[in-house]
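So the chains spell out like this:
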There are 2 protein chains.
Amino acid sequence: MIRRGFQVAARLGHHRRLLGAPRILPRLNPASAFGSSTDSMFSRFLPEKTELKDDALPNASWCLDMLCLYQEFLEKTKSSGWIKLPSFKSNGDHIGLNPPSGLAVSSDKGDCRIFTRCIQVEGQGFEYVIFFQPSKKKSVCLFQPGPYLEGPPGFTHSGSLAAMMDETFSKTAFLAGEGVFTLSFNIRFKNLIPMSSLVVMDIEVGKIEDQKLYMSCITHSRDQQTVYTNSSGVFLQLQLEEESPQ
Amino acid sequence: MIRRGFQVAARLGHHRRLLGAPRILPRLNPASAFGSSTDSMFSRFLPEKTELKDDALPNASWCLDMLCLYQEFLEKTKSSGWIKLPSFKSNGDHIGLNPPSGLAVSSDKGDCRIFTRCIQVEGQGFEYVIFFQPSKKKSVCLFQPGPYLEGPPGFTHSGSLAAMMDETFSKTAFLAGEGVFTLSFNIRFKNLIPMSSLVVMDIEVGKIEDQKLYMSCITHSRDQQTVYTNSSGVFLQLQLEEESPQ
């Protein structure tokens, strides 16, 4: 059996019923966008060679805790099956999709940026790197929120933590089970996060059922003594269908 | 009876129990920061005269739908009790609080920005304005997400919508009942939002109970034909205590 590509017309029909008005849904053509297999999709997401800039690399703004944990996980990529995810400017760069035609987008269509890379000044916005463990369907995100993510004075905005969590959920969902759209998430905040300190997000896929991925996330300090959030998220899956070889 | 100011020592004690480790909590001194009354707090938040730049004013990037609704609500400020909230660079500018001393913040402490004003290029990030109705404890946020808030190619990142919602929740909670910290929120996504289109957020305070504000939010298109999200949020309240006049 060969997985030949996304046969998603029916799935998108289901998706339309789930999400409502079809006029604003993307007219995806994943079969042509992703190539011809799951492996192709995976390798497109994680290219071995690319000219695209990877923003998930250490820079001078990273605190010592972040650098140390980054090195620890980098070691795990050599022996424990972990993968360091690159972070490109746009999700289109990752998954090979272009904006659907006919949709209202900015006049400067070429300058889209994935939200969590919207601030380009090192250390001022979202500094982060995600590591993924395919066999266990789990991820770790090392996140250092900068002073442009302010909420209460001196602390990180709850919304920026929600955004970072949603982004890590979405990358995990995509790689663990072709999850592509956020259906819901729920966050309980336990402690405030001092600006520019290190936050560790542990994300796991609990189950995949009825085209949905159910995930959980605990956000904590490096020493795990302070829990910042307990959260859950549900993503909609675009399933691949099996076909006989031609 | 006069409300003389925040008498929050006990409340912060309660807050510490709610939020956990006290070492990362802000050492607020709201009594000195806010002056001597609720009115003072309110007027500090909404100064009649200030040299601070208000980012919640129309600019060339606003779409026609956004401009029209902005004008409609501006009319309501003259007759229907609505208030247009200014939007300054930092929450410290709004509520008169400085970052707590001794906390880890960026080396460039002076350049903090409230997260939803982190992108300064007009039309590329968060374009928004919030109107508040004190007597009904409800708000409307007009939000135009730009191409730096990308999620799925051509569409807005779910995390940026969560951030905008959390910010509108937080301003509403603060003005409706001294709500200051997000305890939880829950978002169900119904439709994707095309980049740079207008989003309308309707937020209401349902009840205030046991030092918590319970709020709901529906996010929709201008014509209300497309619902984007259904959400709820809970904020922790710092209560004012009644005192006899001196």
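The rules behind the values
- Residues numbered from 1 in each chain as written.
- Chains lettered and ligands numbered in written order.
- Predicted model: local features only at pLDDT ≥ 70, side-chain atom pairs only at ≥ 80, totals over all residues.
- Heavy atoms only, no water.
- Helix = DSSP H or I, 4+ residues; strand = E, 2+ residues; numbered from the N terminus.
- Contact = heavy atoms within 4.5 Å.
- Areas by Shrake-Rupley, 256 points an atom, 1.4 Å probe, with all protein chains shown as cover.
- Core = buried A, V, L, I, M, F, W, Y, C linked by side-chain atoms within 4.5 Å.
- Buried < 20%, exposed > 50% of the residue type's maximum accessible area, 1.4 Å probe, protein only.
- Disulfide = S-S within 2.5 Å.
- Axes fitted to C-alpha atoms, helices over the stretch in contact; angles between N-to-C directions.
- Parallel < 35°, antiparallel > 145°, perpendicular 65-115°, else oblique.
- Left-handed = near helix turned anticlockwise from the far one by under 90°.
- Nonpolar A, V, L, I, M, F, W, Y, C, P; charged D, E, K, R; others polar.

### Regarding the overall build of chain A
Part 1 of the argument: Regarding its fold elements, chain A presents 6 helices and 7 strands.
Part 2 of the argument: For chain A, long-range pairs separated by at least 24 residues make up 70% of all intrachain contacts whose partners lie at least 6 apart in sequence.
Part 3 of the argument: Surface exposure of chain A reaches about 10300 Å², of which carbon and sulfur atoms provide 48%.

### Quick notes on unusual backbone geometry
Note: most residues except glycine have negative phi, and most peptide bonds are trans.
Part 1 of the argument: The backbone phi angle of Gln 224 of chain A is positive, close to 65°, even though this residue is not glycine.
Part 2 of the argument: Position of Gln 224 of chain A among the secondary structure elements: in the loop between strand 6 (212-220) and strand 7 (227-237).

### Comments concerning the nonpolar core
Part 1 of the argument: Core analysis: the biggest nonpolar cluster contains 74 residues, and Phe 143 and Phe 185 of chain A together with Phe 143 and Phe 185 of chain B have the highest contact counts within it.
Part 2 of the argument: Discounting chain neighbours no more than four positions away, the residues touching Phe 185 of chain A are Ala 162, Asp 166, Phe 169, Ser 232 and Gly 233 of chain A together with Ala 162, Phe 185, Asn 186, Ile 187 and Phe 189 of chain B.

### A short note on the state of the cysteines
All names here are of chain B.
Part 1 of the argument: Here the structure, examined in full by the defined rule, presents 0 disulfides over all chains.
Part 2 of the argument: Here Cys 112 is not cross-linked by a disulfide; its sulfur's nearest cysteine counterpart is in Cys 118, at 13 Å.
Part 3 of the argument: Judged by its relative accessible area of 9%, Cys 112 is buried.
Part 4 of the argument: Take Cys 217: it sits in no disulfide, and the sulfur closest to it among the cysteines is that of Cys 141, at 8.5 Å.
Part 5 of the argument: For Cys 217, a relative accessible area of 1% gives the class buried.

### Digging into the environment of Pro 86 of chain A
Part 1 of the argument: Looking at the secondary structure, you find Pro 86 of chain A in the loop between strand 1 (83-84) and helix 5 (91-95).
Part 2 of the argument: The exposure class of Pro 86 of chain A is buried, given its relative accessible area of 14%.

### Here we look at the packing of helix 6 (residues 158-177) of chain A against helix 6 (residues 158-177) of chain B
Part 1 of the argument: Two numbers describe how helix 6 of chain A lies on helix 6 of chain B: the axes approach to 8 Å, and their chain directions differ by 165°. Classed by the angle they form, the pair helix 6 of chain A and helix 6 of chain B counts as roughly antiparallel. Of the two elements, helix 6 of chain A crosses helix 6 of chain B, and the hand of that crossing is right-handed. For the pair helix 6 of chain A and helix 6 of chain B, the contacting residues are Ser 158, Gly 159, Ala 162, Ala 163 and Asp 166 of chain A in the first and Ser 158, Gly 159, Ala 162, Ala 163 and Asp 166 of chain B in the second.
Part 2 of the argument: Partitioned by chemical class, the residues of the contact of helix 6 of chain A with helix 6 of chain B number 4 nonpolar, 4 polar and 2 charged.

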